[in-house]
Amino acid sequence: PRFTILPPAQAAPPAAQISLARGEDYQQLVAKVLAPLGGMGQFVKPGDRVVIKPNIGWDRSPDQGANTHPLVVRTVVSQALEAGAKQVLVFDRTCNEERRCYASSGIEEAVRSLKDDRARIENIDQRKFVPVEISRGKALTRWEIYKDALDCDCYINVPVAKHHGLSGLTLGLKNAMGVIGGNRGRLHQN
């Protein structure tokens, strides 16, 4: 199949919504963040195939803060299931060795601990990267993106806030590099 990123529609985009919560209980924090946005049901509809994309890029433990916290991921997966998702996939194209990243981050165990066949953490399958045309691209007009991220009904980006030499702070856009193929380092130039 061939995918194309289309130019944005001419209609005005919806107003941005931001929700913030503080505390130490990750399950309560996720609920507090989602509540003013209308809850997970605003994003996940019954029968949806959902991709939850945390940062699992590094072979680091949760206390090192390099990846999305596993309790945040577990809670987001759980809430997507409660909203009626028929399938929830969790994956990342890691920077360090994939099996170590999934295990050390605690995210693999967090997803499996739900004991729900609808929720799966999967290793990236290199055969699933498909070329996508970027119609309004300048320096970049085509790139490979992970098919499961393109095919899902709901894509939930769950980054970790951290520093980066080129941008200062990385969040959702940088985390999306975990669904693109090829030499991702090229994206740091031009």
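I will try to describe carefully the structure that is included in this document. (Residues numbered from 1 in each chain as written. Predicted model: local features only at pLDDT ≥ 70, side-chain atom pairs only at ≥ 80, totals over all residues. Heavy atoms only, no water.)

## Observations regarding the overall build of the protein chain
Here's step 1: Counting its regular elements, the protein chain contains six helices and nine strands.
Here's step 2: Against the globule reference of 16 Å for 190 residues, the protein chain gives a C-alpha radius of gyration of 17 Å, in line with a compact fold.
Here's step 3: Along the first, second and third principal axes, the C-alpha set of the protein chain runs to 45 × 40 × 35 Å.
Here's step 4: Counting only residues that meet the buried cut, the protein chain has 41% of its 190 residues in that class.
Here's step 5: Counted over contacts in the protein chain with a minimum sequence separation of 6, partners at least 24 positions apart contribute 67%.
Here's step 6: Taken as two groups, the 26 positive and 20 negative side-chain charges of the protein chain have centres that lie 6 Å from each other. (Helix = DSSP H or I, 4+ residues; strand = E, 2+ residues; numbered from the N terminus. Rg over C-alpha atoms; globule rule 2.2 N^0.38 Å. Buried < 20%, exposed > 50% of the residue type's maximum accessible area, 1.4 Å probe, protein only. Contact = heavy atoms within 4.5 Å. Lys, Arg positive; Asp, Glu negative; His and termini not counted. Charge placed at Lys NZ, Arg CZ, Asp CG, Glu CD.)

## What about the side chain of serine 19?
Here's step 1: Among the secondary structure elements, serine 19 is positioned in the loop between β1 (3-5) and α1 (26-34).
Here's step 2: A distance of 2.7 Å separates a polar side-chain atom of serine 19 from the backbone oxygen of valine 33.
Here's step 3: With residues near it in sequence (within four places) discarded, serine 19 still touches Lys32, Val33, Pro36 and Leu37. (Polar contact = N/O pair within 3.5 Å; in protein donor to acceptor, adjacent residues only side chain to side chain.)

## So, the nonpolar core
Here's step 1: Grouped together as the largest cluster of nonpolar side chains are 41 residues, with contacts concentrated most on Val44, Ile52, Val77, Val88, Val90, Phe91 and Ile156.
Here's step 2: No other element matches the six residues that helix α2 (residues 70-82) contributes to this core.
Here's step 3: Apart from residues no more than four positions distant in its own chain, valine 77 is found in contact with Ile52, Val88, Val90, Val111, Leu114 and Ala119. (Core = buried A, V, L, I, M, F, W, Y, C linked by side-chain atoms within 4.5 Å.)

## Let's talk about the pattern of salt bridges
Here's step 1: One pass over the full model with this rule turns up eleven salt bridges.
Here's step 2: Across the salt bridge formed by aspartate 92 and lysine 53, the nearest N and O atoms sit 3.0 Å from each other. Placement of aspartate 92 in the loop between β3 (87-90) and α3 (98-104) and of lysine 53 in strand β2 (residues 49-54) is noted, with a sequence separation of 39 residues between them.
Here's step 3: In this structure, aspartate 116 and arginine 118 form a salt bridge, with 2.7 Å as the shortest nitrogen-oxygen distance. (Salt bridge = Lys/Arg side-chain N within 4 Å of Asp/Glu carboxyl O.)

## Considerations on the pairing of β3
Here's step 1: Covered by surrounding structure in β3 are Gln87 and Leu89 together with Val88 and Val90, the residues of both alternating faces.
Here's step 2: A crossover connection joins β2 to the parallel β3 through α2; in handedness this β-α-β unit is right-handed.
Here's step 3: In terms of strand pairing, β3 meets strand β4 (residues 119-121) through three bridges, oriented parallel. Note that in β4 the partner of valine 88 across the bridge is alanine 119. (Right-handed = clockwise from strand over helix to strand, strands pointing away. Pairing = 2+ DSSP bridges.)

## Brief notes about the sheet that holds strand β7 (residues 154-158)
Hydrogen bonding along the main chain pairs the strands of a sheet, whether they run parallel or antiparallel.
Here's step 1: The sheet built from four strands is open, its strands ordered β4-β3-β2-β7 with parallel pairing. Strands at the two margins of the open sheet, each flanked by one partner only, are β4 and β7. The average undirected angle you get between the axes of adjacent strands in this sheet is 20°. (Axes fitted to C-alpha atoms, helices over the stretch in contact; angles between N-to-C directions.)

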